[in-house]
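Below, each chain spelled out in residue letters.
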Amino acid sequence: MAGPRVEVDGSIMEGGGQILRVSTALSCLLGLPLRVHKIRAGRSTPGLSSGGWKSKIKVLTRPQHLSGLEMIRDLCDGQLEGAEIGSTEITFTPEKIKGGIHTADTKTAGSVCLLMQVSMPCVLFAASPSELHLKGGTNAEMAPQIDYTEMVFKPIVEKFGFIFNCDIKTRGYYPKGGGEVIVRMSPVKQLNPINLTDRGCVTKIYGRAFVAGVLPFKVAKDMAAAAVRCIRKEIRDLYVNIQPVQEPKDQAFGNGNGIIIIAETSTGCLFAGSSLGKRGVNADKVGIEAAEMLLANLRHGGTVDEYLQDQLIVFMALANGVSRIKTGPVTLHTQTAIHFAEQIAKAKFIVKKSEDEEDAAKDTYIIECQGIGMTNPNL
């Protein structure tokens, strides 16, 4: 089964956990042995450690990468060497992907959403249905919140021709984690390409502002109210429905607060802005940060927000046919995902400025991919 070994430089481009996530997932899917060296050489803490979108916090969830790698190993009974905290090189030899029940636990507030990102493409090409028990942070810094995964990622990624069920058992926050999500999905024969190039106009704006643990409900109401005021300055003609929520004690571990706001368009595009509370940051500021993030994502004219871009790349690379998405400025995470999808899966991507008239004055791009038409050998 094993092809020639793929050599990956873990220090280039994004230079973080994302390289590990994309390269091990593709290695597992394609049955290619992999060596990743110089892991996180570009980061403040080299070696296997924390993970996520913005590495401002040097060592947040050190075991997070490890639990992702170990999960991929377990999904396919592969062999993994060098997977210790602080390691700068790993080798991975995949075997056949199998379904069934798999558990991954970051033992910290490491993101369950990032565990989902790395494992989902693999289990789509398993021999039988899968149930993934993912433990860690559900609403953690530097990673998508589970609400984003449910409300934005899920409806869009299902356009590739599969469905998954995401059951939030317990929510977990920084620094303790303790959250648990169960993801269930059945394998597919192939993935369909997607075409997301028509943005439409915004028809709905809604969201949730939550508090958990000891935080007073007033904090949720204040976050929601501040976000609504901020959005109204720019979008006056839509009702903005942000629900304040007190997470039930038995469904949340630890203390936390945060907000996610979604904008939906007439063509079914979804955009989000979100923010998490931190000690000493007042509630209004958290609400305003999320609102401003959403408004920025609505200005660029793309059909996906800046956080969805890179999460779609692996699926586009595997799909059977040409996929197109329209985006705002192409993020470093997206460029990194494209680089490794081309290197490892041999998919072909073209990124070009959008030529549509309505995008002329905007920083809008089309990412086009000729997918490899990956076929599930088990079905």
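Remember, predicted model here, so these are calculated numbers, not experimental data. (Residues numbered from 1 in each chain as written. Predicted model: local features only at pLDDT ≥ 70, side-chain atom pairs only at ≥ 80, totals over all residues. Heavy atoms only, no water.)

Colleague: Run through the UniProt feature "active site" (unreviewed entry) in the protein, naming residues and quoting values.
Modeller: Mapped onto the present numbering, the UniProt feature "active site" (unreviewed entry) falls on His333. By secondary structure assignment, the location of His333 is in helix H8 (residues 332–345). (UniProt positions renumbered as here; feature names shortened; annotations may be inferred. Helix = DSSP H or I, 4+ residues; strand = E, 2+ residues; numbered from the N terminus.)

Colleague: For the UniProt feature "binding site: ATP" (unreviewed entry) in the protein, give the residues involved together with the corresponding values.
Modeller: When the UniProt feature table is mapped to this numbering, "binding site: ATP" (unreviewed entry) covers Gln117, Tyr307, Leu308, Gln309, Asp310 and Gln311. Across 195 residues, the annotated set stays spatially compact, with a maximum C-alpha separation of 12.8 Å. Within this annotated set, the largest cavity is lined by Gln117, Asp310 and Gln311. Within the fold, Leu308 resides in helix H7 (residues 306–318). Leu308 gets classed as buried once you look at its relative accessible area, which sits at 1%. Apart from residues no more than four positions distant in its own chain, Leu308 is found in contact with Tyr148, Val152, Phe153 and Ile156. By the secondary structure assignment, Asp310 is in helix H7. We classify Asp310 as buried; its relative accessible area is 10%. Asp310 has contacts with Gln18, His333, Thr334 and Ala337, leaving out every residue within four places of it along the chain. (1 Å grid on protein atoms, 1.4 Å probe; cavity = no way out; pocket = protein on both sides within 12 Å on 5 of 7 lines; lining within 4 Å. Buried < 20%, exposed > 50% of the residue type's maximum accessible area, 1.4 Å probe, protein only. Contact = heavy atoms within 4.5 Å.)

Colleague: Give me the lowdown on the nonpolar core, citing residues and values where you can.
Modeller: In this structure, Phe160, Phe162, Phe164, Leu191, Leu312 and Phe349 are the most contacted members of the largest nonpolar core, which totals 85 residues. Residue contributions to this core reach at least three from each of two domains, namely domain 1 (202–300) and domain 2 (304–372). Counting residues in each nonpolar core, the second largest holds 27 residues, with Ile235, Phe271, Val286 and Leu294 among its members. (Core = buried A, V, L, I, M, F, W, Y, C linked by side-chain atoms within 4.5 Å. Domains from an automatic or database assignment.)

Colleague: Kindly report on the pattern of salt bridges, identifying the contributing residues and their values.
Modeller: For the structure on display, the rule yields 23 salt bridges. Between Asp74 and Arg73 there is a salt bridge, with the nearest N and O atoms lying 3.0 Å from each other. By sharing partners, the salt bridges in this structure join Arg5, Glu7, Arg35 and Glu89 into a single network. (Salt bridge = Lys/Arg side-chain N within 4 Å of Asp/Glu carboxyl O.)

Colleague: Break down the layout of surface pockets for me, citing the residues and quoting the values.
Modeller: If you add up the space inside the largest pocket, you get close to 550 Å³. Lining of the largest pocket is provided by 24 residues; of these, Tyr174, Asn255, Gly277, Lys278 and Arg279 occupy positions nearest its centre. Class assignment of the residues belonging to the lining of the largest pocket gives a composition of twelve nonpolar, eight polar and four charged. (Points joined across faces, edges and corners; volume = space filled by probe spheres on them. Nonpolar A, V, L, I, M, F, W, Y, C, P; charged D, E, K, R; others polar.)

Colleague: Any details on the domain arrangement of the protein? Residues and values, ideally.
Modeller: Each assigned domain of the protein is listed here: domain 1 (202–300) and domain 2 (304–372). Relative to domain 2, the C-alpha centre of domain 1 lies at a distance of 28 Å. Contacts between the two partners involve seven residues from domain 1 and, on the opposite side, ten residues from domain 2. Carbon and sulfur atoms supply 50% of the area buried between domain 1 and domain 2, which totals about 620 Å² over both sides. It is Met293, Asn297 and His300 that lose the most area in domain 1 upon contact with domain 2, and together they represent 66% of the buried surface on that side. Summed over the shared surface of domain 1 and domain 2, the result is zero salt bridges. In this structure, the connection of domain 1 to domain 2 is made through three residue pairs in polar contact (both at pLDDT 80 or more). (Buried area = accessible area lost by both parts, 1.4 Å probe. Polar contact = N/O pair within 3.5 Å; in protein donor to acceptor, adjacent residues only side chain to side chain.)

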